Amino acid sequence: MRTGITHLYTPGPTNLPEQVRQAMNLSVRDVRAHDQGELTEPLFDGVKRVFKQRRGRMFFVPGSATDAWRAAITNTLDPGDKVLMARHGRFSLLWVEMAAELGLEVEVVDAPWGDAVPVQAMARRLEADHAGEIKAVLVTHNETATGVTSPVPAMRDVLDALDHSALLFVDGTSSIASIDFRMDAWGVDLAVCGSQKGFMLPAGLAMLAVGDKAMAASERARRRRTAVDFAEMARLNDDGAFPYTPPTQLFQGLRAALDRLFAEGLEQVFARHRRLAEGVRRGVRAWGLETVARDPRFASNTVTAVRVPADVDAREVVRIAEDRYRTSFGSGPGPLAGKAFRIGHLGDLNEVMCLSALAAAEMALNEAGCPIQLGAGVGAAQGYFQDAGMTLDLRAVA
Ligand SMILES: *Cc1c(COP(=O)(O)O)cnc(C)c1O
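Residues numbered from 1 in each chain as written. Predicted model: local features only at pLDDT ≥ 70, side-chain atom pairs only at ≥ 80, totals over all residues. Heavy atoms only, no water.

## A look at unusual backbone geometry
Here comes step 1: At the junction of Gly12 and Pro13, the peptide bond is cis and its omega measures out at -5° in the coordinates.
Here comes step 2: As for its placement among the helices and strands, Pro13 is situated in the loop between β1 (7-9) and α1 (18-23).
Here comes step 3: Although it is not a glycine, Asp163 sits at a positive phi angle of roughly 55°.
Here comes step 4: Mapped onto the secondary structure, Asp163 falls in the loop between α6 (152-161) and β8 (167-171).
Here comes step 5: Classification of Asp163 as exposed rests on a relative accessible area of 71%.
Here comes step 6: The phi angle at Met200 is positive, at roughly 60°, despite the residue not being glycine.
Here comes step 7: Relative to the helices and strands, Met200 resides in the loop between β9 (190-193) and β10 (204-210). (Helix = DSSP H or I, 4+ residues; strand = E, 2+ residues; numbered from the N terminus. Buried < 20%, exposed > 50% of the residue type's maximum accessible area, 1.4 Å probe, protein only.)

## Digging into the pattern of salt bridges
Here comes step 1: Taken as a whole and judged by the stated rule, the model has 28 salt bridges.
Here comes step 2: Residues Glu316 and Arg319 are paired through a salt bridge, measuring 2.9 Å at the closest nitrogen-oxygen approach. You can see Glu316 and its partner Arg319 sitting in helix α11 (residues 314-325), three residues apart, about one turn around the helix.
Here comes step 3: By relative accessible area, which is 40% here, Arg319 ends up partly exposed. (Salt bridge = Lys/Arg side-chain N within 4 Å of Asp/Glu carboxyl O.)

What follows is the structure in structure tokens.
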């Protein structure tokens, strides 16, 4: 038996607030109950508020964020359609593979892992597309593999400057509800998110925000779709129903999670993530280590990927933290395997939790053969947190 709590700093799934967990502890409801709409309608409105979306539709699809990607593509694009995608990390890479698998003609713009979406290179491809063959541009807002947040508005500016009609699709799985995201103001046509990151829920409820232009594209798309079909979902959702069995427990959890986000205030939630991330980054700097994110302007406020020295195996750091200190970090995916580990700092988190993460990482790094001064990173973060002011508490919704 082991005493105390386990510590979760993976960049998804994230910690479940107690209120969210309690809210999901309920018996199964009749999903066709006539009053189902009373639960779901405010959820659609609440999630749209988080996405900063007033126009278009919000859809809930049972499954992971990956399922939301699939739904986005199958509903709006036909096999043979050309799309432009950036590939600069594990998640953007997987999205490229899926698009190709679903028959799209994918034009990929590669950038080194650790860089943001290469907007200028994307712009050149769009500029050369005189015939307007590119139907959509797909970008990952926050590359969870590398800890890099890309400037989505810059991508919209490029499309507007070229008067290009391509749709703008954004994967916001590890940014939405933690980092500022603006569906309407940034001219995003379709955005996807999962439930297990900023929304502080278990995995299983994918969210899809679909703007008017993407809804129109779905009417034109010829691919056969069953159940997870925009028109069918929209028709049934208007009566509080779904063309599949919805995860009602997750809906109850979502209600509680939205209540927390709005009680804290979205802007305060973003500020807290900024503050926690900055504390973690200062800790990493005090260790004398570097982040995978190369340009500090694009360093993510939800996850920090830390590069270890060449003679240290980052997998060992993760293993030691897990085995000896019951602390979970993310490993380095793909080409970062052994070279980096990731500290997730998103969701239901505060300053002292981040200090614990740094403390456990210091011990694990040390034992894995990386000679850092114990307490160096913790001290740097403590100093910053003291100056920056602590997180407002949430007694109002406790
Ligand atoms: C976590 C994540 C995904 C995948 O989500 P699943 O729910 O595991 O399918 C996709 N994109 C990004 C950016 C992510 O962080």
